[in-house]
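# Descriptive structure summary
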Amino acid sequence: MDSKKILSGGLQDQTNAVLDKFIPEIWGASLQDYFEKSLVFGALANDLSAMVAGGGDMIHLPKHSELVATDLYSGDNNALASGITFAAGTTSEGEHQLKIDQSTMAAVAITDISRAQSSYDVMNIYTQKLGYALAKKVDFYLATKLYQEITFNDGANSNADGNSRGNNINFVGNGTYDIKTEGVANMIKAIYESDATVEDYVMVLAPATYSSLFKLADFARYDGTGLAGDSNPLVSGFAGKLGGVPVVISNNIVHAPSSSYAQSTAPKFNSADSGDEVDELAGYLIHKEAMHIAYAAGMKSRVQSDYHLESLSTRFVADSVYGCLITSDNSNNKKVFALMDGIS
């Protein structure tokens, strides 16, 4: 008896055996494609996986102090103003540590009878489901790290304060998620005060915030945007940039309404060192070098499978092992900002 026919799903189906194609190599490529397409926060992070391609569970990123230039020549341009000194790089500058200590998995079993009676592409459907499940879990972790970064008195994290606490931009109206033109001006000011440009940042907005874009006449009008026809946001429904900053929408923004984290389309946070999460968190302004992610070697979106004879089904497990790091603070390295309410 041909053992392959049994392993491929029973029922002695010798033609069009869909499950014969359900091998890890094929599923892995397809699943990774859906996994990457489904990431929001993960897509904004710098992937440092190459640094652990040979193994390891931690990446060390050195911190660097800002260097200061001095005058080279004295007033007559002939003599050096002073001797040249060299700033010594020392271990006292410290380091960032990206720990690869998170894991997630999703599993599915497809029975022979389900496969036999199916008239659709089972593989395509379940690779989407598995990829989306992994991506949603990874994004939840990244969104949690962002929330921990910018909030005071995090009730789900032993009332800890984030490294970027106080990096707040009044972006929307008091008690609302409605973007104000003054808020856009505040955002631009914060970008340039952090010694960066609009090209260095991206905005991630909650759905409630994103939808308010279309209440802004200056954003939706032809004479306000210079865009007409299908390119106009009011017509196309796509907001590419605001104030020159790329706009991304996510319904996976995390907040801490109680003692645990939860996703919300209208999240709140604590913008000051007092009280509970009462301020509207309209979204984030994130520097493109602020978030870092790394996956363990061969574990970005691994797929394994076997045939389970007792249930006459083919079982698949997709898993990922990863870690995330945010390199920002609230002094000389402001790279993450909370977009909040506060405009009358």
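Everything below is about the structure printed above this text.
Residues numbered from 1 in each chain as written. Predicted model: local features only at pLDDT ≥ 70, side-chain atom pairs only at ≥ 80, totals over all residues. Heavy atoms only, no water.

## Some remarks on the pattern of salt bridges
What the rule picks out here adds up to 8 salt bridges. In this structure, the salt-bridge partner of K189 is E193, at a minimum N-O distance of 4.0 Å. Here K189 pairs with E193, and both are found in helix α6 (residues 181–193), just 4 residues apart, close to one helical turn. Relative accessible area serves as the criterion here: at 59%, E193 is assigned to the exposed category. The partner of D306 in a salt bridge is R315, with the nearest N and O atoms 2.8 Å apart. Judged by relative accessible area, which is 36%, D306 ranks as partly exposed. If you follow the salt bridges from partner to partner, you end up with E36, D47 and K300 in one network. (Salt bridge = Lys/Arg side-chain N within 4 Å of Asp/Glu carboxyl O. Helix = DSSP H or I, 4+ residues; strand = E, 2+ residues; numbered from the N terminus. Buried < 20%, exposed > 50% of the residue type's maximum accessible area, 1.4 Å probe, protein only.)

## Observations concerning α6
The first and last C-alpha atoms of α6 sit 19 Å apart over 13 residues, in line with the 18 Å expected at 1.5 Å per residue. All of the buried residues along α6 are G183, V184, M187, A190 and I191. All buried residues of α6 lie within an arc of 120° about the axis, which places them on one face of the element. Of the residues in α6, the exposed ones pointing more than 90 degrees away from the buried face are K189 and E193. Against the buried residues of α6 lie β5 (168–173), β6 (201–205), β7 (241–242), β8 (245–249), β12 (279–287) and β16 (336–343). Residue D195 follows α6 closely and has a positive phi angle near 65°. (Expected span 1.5 Å × (residues − 1). Arc of directions from axis to C-beta. Contact = heavy atoms within 4.5 Å.)

## Comments concerning the pairing of β16
Most of β16 sits inside the fold, with 7 of its 8 residues counted as buried. For β5 and β16, the ladder comprises 5 bridges, and the chain directions are parallel. Bridge pairing links G173 to I343 in β16. Relative to β16, β12 runs antiparallel, the two being bridged by 5 bridges. Within the sheet, the bridge partner assigned to I286 lies in β16 and is V336. (Pairing = 2+ DSSP bridges.)

## Examining the layout of surface pockets
For the largest pocket, the calculated volume is near 1300 Å³. Around the largest pocket, the lining comprises 45 residues; the ones closest to its centre are T327, S328, D329, N333 and K334. Of all elements in the fold, only β3 (95–99), α5 (122–150), β5, α6 and β15 (313–326) reach the threshold of two or more residues within the lining of the largest pocket. Residues of the lining of the largest pocket, tallied by class, amount to 11 nonpolar, 20 polar and 14 charged. (1 Å grid on protein atoms, 1.4 Å probe; cavity = no way out; pocket = protein on both sides within 12 Å on 5 of 7 lines; lining within 4 Å. Points joined across faces, edges and corners; volume = space filled by probe spheres on them. Nonpolar A, V, L, I, M, F, W, Y, C, P; charged D, E, K, R; others polar.)

## Details of the nonpolar core
If you look at the biggest cluster of nonpolar residues, it comprises 43 residues, and the most contacted ones within it are F41, V138, L146, L281, Y284, I286 and M291. Ranked by the residues each element gives to this core, the list is headed by α5, at 11 residues. Excluding residues that lie within four positions of it along the chain, F41 makes contacts with D139, L142, A143, L146, V204, S250, N252, I253, Y284 and M291. (Core = buried A, V, L, I, M, F, W, Y, C linked by side-chain atoms within 4.5 Å.)

## Details of the packing of aromatic side chains
Note on aromatic pairs: each is described by the distance of the centres and the angle between the planes. As enumerated under the stated definition, the model contains 5 aromatic pairs in all. Seen from their ring centres, Y201 and F337 are 6.3 Å apart, and the 55° between their planes marks the pair as tilted. Here F337 lies in strand β16 and Y201 lies in strand β6, a separation of 136 residues in the sequence. Here Y201 matches F337 in class, with each residue buried. (Phe/Tyr/Trp six-rings, centres within 6.5 Å; stacked < 30°, edge-to-face > 60°.)

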